[in-house]
Structures are given as C-alpha cells and as structure tokens.
Amino acid sequence: MQLTINAPLDMHLHLREAQMLQLVAPLSAAHFAGAVVMPNLQSPVDSQQKLLAYRRAIVEAAADDSFTPYMTLFFRPYTKAELEAAREHIIGIKLYPAGITTQSEAGVADFESIGETVALMEELQIPLLVHGESNGFVMEREREFLAIYRWLAESFPRLAIIMEHITTADTLDILDEFPNVAATVTLHHLMLTLDDVVGGLMQPHLFCKPIAKTPHDLQALRAAVFSGHPRILFGSDSAPHPTHAKECCGCAAGVFSAPVALPKLVELFAAQDKLDVLPDFVTNNAQRFYGITPNPKKVHIHDEAWTVPLSYGSVRPFLAGEQIQWQVTAIEK
Ligand code: DOR
Ligand code: ZN
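Participant: Could you clarify how one ought to interpret the coordination of the zinc ion (ligand 2) in this entry?
Facilitator: Under perfect tetrahedral coordination by four donors, a metal shows angles of 109.5 degrees; under perfect octahedral coordination by six donors, it shows angles of 90 or 180 degrees. At this site the zinc ion (ligand 2) is bound by His12 (NE2), His14 (NE2) and Asp237 (OD), with donor distances of 2.1 Å. A relative accessible area of 7% means that Asp237 is categorised as buried.

Participant: Looking at this model, I keep getting lost on unusual backbone geometry. Mind explaining?
Facilitator: The omega angle of the peptide bond from Lys209 to Pro210 is -5 degrees, so this bond is cis rather than trans. Within the secondary structure, Pro210 sits in the loop between α7 (194–199) and α8 (215–226). With a phi close to 50 degrees, Ala63 is a non-glycine residue in the positive phi region. Within the element layout of this structure, Ala63 appears in the loop between α2 (48–62) and β4 (68–74).

Participant: What is the right way to look at the sheet that holds β4 in this model?
Facilitator: Paired through their backbone hydrogen bonds, the strands of a sheet run either parallel or antiparallel. Strands sit in the order β2-β3-β4-β5-β6-β7-β8-β9 across an open sheet of eight strands; the sheet is parallel. The strands lining the two open edges of the sheet, one partner per strand, are β2 (9–13) and β9 (232–234). Ignoring which end each strand starts from, the neighbouring axes of this sheet average 25 degrees apart. Where strand β6 (residues 128–130) and strand β7 (residues 161–163) come together, three bridges link them in parallel fashion. Each residue of the ladder has a partner; that of Val130, found in β7, is Met163.

Participant: Would you mind showing me how to read the environment of Asn6 here?
Facilitator: Structurally, Asn6 is set in strand β1 (residues 2–6). Remark: the alpha-carbon pair of Asn6 and Phe226, spanning 220 residues in sequence, is separated by 19 Å. Among residues more than four places away in sequence, those in contact with Asn6 are Thr283, Lys297 and Lys298. A polar contact of 3.2 Å, which involves the side chain of Asn6, links it to the side chain of Lys298.

Participant: Can you walk me through the nonpolar core in this structure?
Facilitator: Within soluble globular proteins, side chains that are nonpolar generally end up buried alongside one another. The biggest cluster of nonpolar side chains holds 97 residues, and the ones touching the most others in it are Leu278 and Phe281. Ranked by the residues each element gives to this core, the list is headed by helix α10 (residues 261–271), at six residues. Those residues in contact with Phe281, other than ones at most four positions away along the chain, are Val185, Leu190, Val225, Ile232, Leu233, Phe234, Leu265 and Phe269.

Participant: How should the side chain of His31 be read in this particular structure?
Facilitator: Turning to its location among the elements, His31 is positioned in the loop between α1 (18–29) and β3 (34–37). For His31, a relative accessible area of 11% gives the class buried. With residues up to four places along the chain from it excluded, the contact list for His31 reads Pro8, Ala258, Pro259, Leu262, Pro263, Val299 and Val328.

Definitions and cut-offs
Residues numbered from 1 in each chain as written. Chains lettered and ligands numbered in written order. Predicted model: local features only at pLDDT ≥ 70, side-chain atom pairs only at ≥ 80, totals over all residues. Heavy atoms only, no water. Donors = N, O, S within 2.8 Å, 3.2 Å for Na, K, Ca; no water. Buried < 20%, exposed > 50% of the residue type's maximum accessible area, 1.4 Å probe, protein only. Helix = DSSP H or I, 4+ residues; strand = E, 2+ residues; numbered from the N terminus. Pairing = 2+ DSSP bridges. Axes fitted to C-alpha atoms, helices over the stretch in contact; angles between N-to-C directions. Contact = heavy atoms within 4.5 Å. Polar contact = N/O pair within 3.5 Å; in protein donor to acceptor, adjacent residues only side chain to side chain. Core = buried A, V, L, I, M, F, W, Y, C linked by side-chain atoms within 4.5 Å.

Here it is, written out as structure tokens:
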C-alpha cells in the first residue's frame with residue numbers, strides 16, 4: 001500500500017547549531033516540507049541579526065530548497081520597532097519560563113512583566129508559542145501552568161497562542177474554551193507514559209520535558225489527536241543531544257525523533273484506522289491556524305518495514321533498533 005502526504009510539516013523542531021545542525025537538518029528535510037525551528041540555542045535567537053544568520057545556516061545545512069525553516073525568536077521584552085522589523089522573517093515568538101528546560105535560562109522569570117510585549121504581538125499578529133510548565137512538582141507542572149494559558153487567551157483574544165508539546169488531559173480543555181489557542185503534540189507523547197521512562201530500568205533516551213504523564217493523559221491525548229481535532233498540530237519536539245549527554249549523570253532532556261516521526265505516525269494512525277485524519281494533523285491544521293502555504297512537496301510512504309538505526313552520528317534516535325512498518329520511499333518536489 002502506498003500513501004502520499006502533501007507537504008508534511010513539523011511544527012516544533014530543535015535543529016541546534018554547528019555539527020549537530022549539519023547532522024539533523026537533512027534528516028528533517030528528507031521527510032518534511034517545513035518545520036518550526038526553536039530558538040533555544042546556547043546564545044538564544046533573540047535578535048533579527050541572529051535570526052537571519054541562523055536561518056542561513058539551516059538552509060545551507062538542509063541543502064534542500066523544498067524544506068522551509070519557519071523561524072522563531074526567543075521571547076524577551078521587544079520594542080515595537082524590533083517586532084515590526086522581525087515580523088516578515090518569523091512565524092512566531094517562543095516563550096520559555098526561565099530555566100524550565102534545555103538552554104532556557106534567559107526565559108521569563110516573572111509573568112507579570114510580559115504583558116507589554118504580548119500586547120504588541122497581538123497588535124502585529126505575531127503568534128506566541130509557549131512552553132507551558134511551572135516550576136512545581138514535575139508531574140503537575142503543565143497543569144499548574146494552565147492558569148497562565150487561560151490568562152493569555154482571555155486577555156489577548158486576537159493573539160494566536162500555541163501550547164507546545166501538551167501532555168495532559170486537562171490541557172485539552174483549553175482548546176475547547178478558546179478559539180485563539182492551538183496545541184502541538186509530539187510522537188513520543190502519543191506513545192509513552194512515565195512508566196516507560198522510569199518504571200523499569202531508567203531510559204535516558206525517553207527523558208524529555210515535559211515528562212511523559214499518566215495512562216489517563218496518554219489516552220486523552222490519543223483520543224483528541226485521532227478524533228481529528230482541528231487545532232491540534234503535529235510538532236515532533238525532536239531534540240537531539242549527543243549520546244554522552246544522555247547516558248551520563250545529569251541526563252539532558254530531549255527525544256530525537258525526526259528520522260522516525262512521519263513513518264511511525266502513519267503506523268499509529270493506520271493501527272487506529274484513522275489515516276483519513278493524518279493529513280489534518282501533519283499539515284492542514286497547521287496551515288489553517290498559522291495561515292501558511294508550504295511548498296508543494298509530496299512524500300510517498302509505503303507499508304514496507306525497516307529497522308531504525310541504533311544511531312545517527314553521535315545521536316541515538318527514538319525507537320532505535322525497533323521495526324517500523326512504513327517507510328518514506330520517495331519525495332516529489
Ligand atoms: O525535552 C526537551 N528538550 N524539552 C524541551 O522543551 C527542550 C528540548 C531541548 O531543547 O533539548
Ligand atoms: Zn522543544
């Protein structure tokens with residue numbers, strides 16, 4: 001059986017810099033027509049100059065003109081002039097609470113201080129992408145952040161807000177409360193609970209932020225995604241770290257899923273007999289919510305099994321060594 005997906009998009013991706021960028025950018029470009037690129041580099045992407053330099057490095061590393069990097073700036077207080085200048089180069093601005101995850105130390109420490117910049121973003125119609133976790137107990141962080149999502153959605157009703165990599169049943173309620181809010185969901189959060197991470201021998205390659213939650217949360221996320229909810233978008237949150245930074249004392253957070261995401265999603269949706277809603281999840285919903293028209297790349301996927309390599313360069317991928325029943329066999333640009 002062959003399936004064709006028009007312009008699949010990864011709406012949340014970490015491409016890193018330097019050697020890691022060279023390694024991972026072609027892997028995303030091989031399956032996706034575009035991706036929303038996260039700005040949490042060692043020195044955050046928080047100026048137009050850094051943004052344009054980073055974009056150039058990505059385009060060069062991907063070496064594929066059918067792959068569009070949709071750039072984001074790292075949230076900080078911006079002036080109207082800065083936002084007006086940046087607007088045409090970005091898809092949105094990514095807000096991290098300070099210190100909540102990898103390279104987010106420069107994030108927001110005081111949410112009472114963000115209103116002015118967020119109001120300008122609403123005025124200029126620049127979407128706000130949010131890593132929604134408090135600094136409370138690790139299993140409650142997303143739930144504790146919901147009050148901030150509600151405050152943002154109510155106070156800025158014309159602002160497009162994207163709740164990134166959501167993991168709890170409660171977070172889904174916000175989608176029904178506010179039409180200006182969308183959410184991304186990762187592949188790994190459609191497959192894992194906390195048990196998979198630490199229930200047996202500890203699995204550093206499944207450790208990420210937000211951490212995988214309960215069976216109830218997993219079922220709720222899966223039900224929402226397979227129902228074809230129009231404001232749930234696929235975002236892999238593929239976050240490569242070299243093996244030495246994962247298999248050590250002080251494991252970095254992140255699951256590197258870029259090379260397996262699309263074929264594994266096909267497998268999950270096929271198993272639920274829901275292949276009809278997969279194009280909404282991997283491209284149509286994102287196009288509608290963000291108002292983007294990606295380049296017309298077609299990705300052909302066959303039901304031919306392959307075994308996921310144990311490593312791509314220095315990085316161990318999600319599902320390493322496992323079989324996936326579908327594979328990308330051709331691309332039409
Ligand atoms: O697990 C994660 N890794 N979550 C994030 O939010 C950031 C990411 C990274 O950059 O490594
Ligand atoms: Zn991320």
